[in-house]
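Understanding the architecture of this molecule
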Amino acid sequence: MSGGVDSAVAAARAADAGHDVTGVHLALSMNPASYRTGARGCCTLEDARDARRAADVIGIPFYVWDMAQRFHDDVVRDFVDEYARGNTPNPCLRCNEKIKFAAVLDRAVALGFDAVCTGHHARLTRPASSAGPESAGPRLARSVDQAKDQSYVLAVLTSDQLSRAMFPLGGSTKDEVRHEAAARGLAVADKPDSHDVCFIADGDTRKFLRGQLGAAPGQILDEAGAAVGSHDGSYGFTIGQRRGLRIGHPAPDGRPRYVLDIEPASGTVTVGPAESLDVTEIEAERPVWTGCPPPAAPVDCLVQLRAHGTAHPATAWLDGAGLRIRLHEPARGVARGQAAVLYDADTVLGSATITGTDRAAASAWSSPA
Amino acid sequence: MKYPGNASGRRSAAENAVYLDHAATTPMLPEALAAMTEELGQLGNPSSLHNQGRRARRVVEESREQIAEAYGARPSEVVFTSGGTEADNLAVKGLFWARHDAEPEFRRVLAASAEHHAVLDSVKWLAEHEGAEACWLPVDATGTVSPATAREFIERDPGSVALVSVMWANNEVGSVQPVAELAAVAREYEIPFHSDAVQAAGQLPVSLAGSGATALTVTGHKIGGPVGAGALLLCRGADPVPILHGGGQERDVRSGTLDAPAIRAFATAVEISRMRRDDEAKRLAALRDDLIARVLAAVPDAVLNGSPPGPDRLPGNAHFSFPGCEGDALLMLLDAKGIACSTGSACTAGVAQPSHVLLAMGTDDARARGSLRFSLGHSSTQQDVDALGAAIGEAVQRARRATGR
């Protein structure tokens, strides 16, 4: 229970459904602020109190679990390390993978609980008992509220993890959840959603990374290799970024420039026009299959390449231990480190971490015949 | 849509059938509750000069006399406060300021490293903001300060000590301090000595005159009285600088309208606990010793922290470290079985920090985190001990599975 409206309503629904529910607030910050100062940031002392009060109203026991050290090690440090490598991480995904459905789940199971229930917007269906041995676990699908759907950050979870998860909100829209919260007398009904990175309360990721990594000046080059500007840390950029380049003078053709490549070893950031962002083939590692066996043959699907991104029609196939994805139409802003989540309509097939694209000139690339 | 499910019919989190956390707070004695309820229905500000005021004032003064007599003090030596924390703040800050204002040389505050946060944090604050120098008197492995240690610390520069503060009995591990000897050492050097007697009152013979202390803190809710009423017993002549300024109540030492209902209930509880104290101490010690035996039988590698059971330990206190467990996991598991106890450490937002008391006793971090305090009081029975004995083994097993993730 984060102190937000989603987890509060999820807990209430689970309790009403007859489950023996205990509310747990995760203390994830090494130095929690006292007050929630806006829509960014989470897990302040005020949030803990909101969660406690929601538990009171629902009528369930409430505890605070200190996961600050694990969160720092598994999520915050990974976030920083990924940027240092020139990747774009998704910390919410990492938190689900390592904290909520690992550290927390493990502790819960050891203490006699059966599952972790969260307020994520997603649908989970268990396989029918008649399902044969090919059935590989629960199936994950998008929430009915497409704008709020969080299946993207849950697709990294394994069958074991999903078999011990509950997402009571998947069949409701965000509006419905807020109305229900109000009807239940939960004060958090009106609380704004938190967005962006929960551990960067002022939203200034670049400043946060500079604080962690220090200044690492380098050059900004165009596609021809000519220097067009400089920067004080390649970690401050992400593929497809247009704002904040601070080049100071427009491109010769007057059109906006976008970050095409980031190479931390040399500190080089390459920029160019929008069409240079086009990606058609993607290479990804460590695929996880969600409630279905790994595909024996190339599979047509939809692939989502960032949180709340478009679902692109594509074909995906296994390539050794990794995954290859060919988009049917080019996409832009595809960044290493992000997840590629495969869908069959609204149902998740699997997820893998993007390691390269055909746009990235430096990667040794060949697509299969 | 209505949600009749909210809170109704669910297991109420508030009702634990087995309450083993008397060191945190105690159920109100029925007599105290009745006295308070009656007084709540009455009118009058005890500072008013008219009929209603005098009636209320009389309730307060009778209460003062009862409390004074129970604790070896004169009525004029009882200063009512909102509780133990306020009394500790008044003693530590107020006596420091008084001494330091009179003589700037008086800067050092000697306090035991295992004091309650109400003393500890007050001392730290004085060091950070008021020019004090905090000197922490070390405790031994049982959590006890020795008079020799206090003397040694004083003698480093006797003319610079503003105040010495050592609690009567430790709230976490129950170790009883040699208060009379410590007070005597301080008196030799003419240094005021304060003792937080919040946990000791009601179980041990706490006395201002008897101990030779300059100031003692006591409170109501640890002895069957209400939360919200406590007292600083203060020798005549010890004039702390007030923390609360205002209407000049309590001889200007502590302004604020006196809470007659709470004070009356406090006095009632003091009176009853004084009468029953010796028998109660024996009864609790027997139950507590049985509790220790049952826990050790179920978890043979559990370690009892603090002084051995006997005159140097609070009769109602038991405190264990359970190797391989986290105390807060154990607490949750016992709570789910209706058994209430405490990890005994201070919390911020409900997240337990390792106990500074255990760390001061030389315990390592892991053991400090794997500890639980069980404390008995006036409503404790053999059934409470039996229930814990039956539950602790399995709880420890489960908590061990949950560790190290």
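Residues numbered from 1 in each chain as written. Chains lettered and ligands numbered in written order. Predicted model: local features only at pLDDT ≥ 70, side-chain atom pairs only at ≥ 80, totals over all residues.

1. Topic: the domain arrangement of chain A
Many authors give the size of an interface as the accessible area that is lost as the parts come together. Residue and element names in this part refer to chain A. Our working definition: Boundary definitions for the domains trace back to an automatic or database domain assignment. Two residues form a contact once the distance between their C-beta atoms, set from the backbone, is within 7 Å. As a working rule, the residues Ala, Val, Leu, Ile, Met, Phe, Trp, Tyr, Cys and Pro are called nonpolar, Asp, Glu, Lys and Arg charged, and the rest polar, with Gly in that last group.
Structurally, chain A comprises domain 1 (5-119 + 168-190) and domain 2 (215-276). For domain 1 and domain 2, the distance between their C-alpha centres works out to 37 Å. Every contact between the two is made by five residues of domain 1 and, on the other side, seven residues of domain 2. Tallied by class, the residues present in the side of domain 1 that touches domain 2 amount to two nonpolar, two polar and one charged.

2. Digging into the nonpolar core
All names here are of chain A. Just so we agree on the cut-off: By our criterion, buried Ala, Val, Leu, Ile, Met, Phe, Trp, Tyr and Cys residues that link up through C-beta atoms within 7 Å make up a nonpolar core. The burial criterion counts other C-beta atoms lying within 10 Å of a residue's C-beta, which is placed from the backbone; the residue is buried at 20 or more, exposed at 12 or fewer, and partly exposed between these limits. A helix here means a DSSP run of H or I that spans at least four residues, while a strand means a run of E at least two residues long, and both kinds are numbered starting from the N terminus.
Counting residues in each nonpolar core, the largest one holds 97 residues, and the members touching the most others are Ala8, Ala11, Val303, Ile325, Ala340 and Val341. Counting residues per element, this core draws most heavily on helix α1 (residues 5-16), at eight residues. Both domains that furnish three or more residues to this core are identified here as domain 1 (5-119 + 168-190) and domain 2 (215-276).

3. A closer look at the environment of Trp65 of chain A
All names here are of chain A. Inspection of the secondary structure assignment puts Trp65 in strand β2 (residues 62-66). The buried category is assigned to Trp65, around which 20 C-beta atoms lie within 10 Å. The spacing of Trp65 and Ala103 is 38 residues in sequence and 11 Å in space, taken between C-alpha atoms.

4. Here's the deal with unusual backbone geometry
Non-glycine residue Ala345 of chain A carries a positive phi angle of around 55°. You can call Ala345 of chain A exposed: it has 9 C-beta atoms within 10 Å.

5. Some remarks on the sheet that holds strand β10 (residues 317-321) of chain B
Residue and element names in this part refer to chain B. This is how the line gets drawn: By definition, two strands form a pair when at least two bridges between them are found by DSSP. An axis is simply a line fitted to the C-alpha atoms; with a helix, the fit covers only the stretch in contact. Between two such axes, the angle follows the N-to-C directions and lies from 0 to 180 degrees.
Taking strand neighbours across the sheet as the criterion, the three strands line up as β9-β10-β14 in an open arrangement whose pairing is antiparallel. Each edge of the sheet is formed by a strand with only one pairing partner; in this case those strands are β9 (303-304) and β14 (371-375). Packed on one face of the sheet, helix α8 (residues 260-298) meets β9, β10 and β14 and runs near 20° to β10.

6. Observations concerning the pairing of strand β8 (residues 230-234) of chain B
All names here are of chain B. The buried fraction of β8 amounts to five of the five residues, a majority that puts the element mostly inside the structure. Residues Gly230, Leu232 and Leu234 of β8 are buried on one face, and the alternating residues Ala231 and Leu233, pointing to the opposite face, are buried as well. Across four bridges, the pairing between strand β2 (residues 78-81) and β8 is antiparallel. Across the sheet, residue Phe80 finds its bridge partner in β8, namely Ala231. Relative to β8, strand β7 (residues 215-219) is paired through five bridges, and the arrangement is antiparallel. Bridge pairing links Leu216 to Leu233 in β8.

7. Describing the environment of Ala391 of chain B
Residue and element names in this part refer to chain B. Positionally, Ala391 belongs in helix α12 (residues 382-401). Along the backbone, Ala391 and Ile339 are 52 residues apart, and their C-alpha atoms lie at a distance of 8.7 Å. Excluding residues that lie within four positions of it along the chain, Ala391 makes contacts with Leu334, Lys337 and Ile339.

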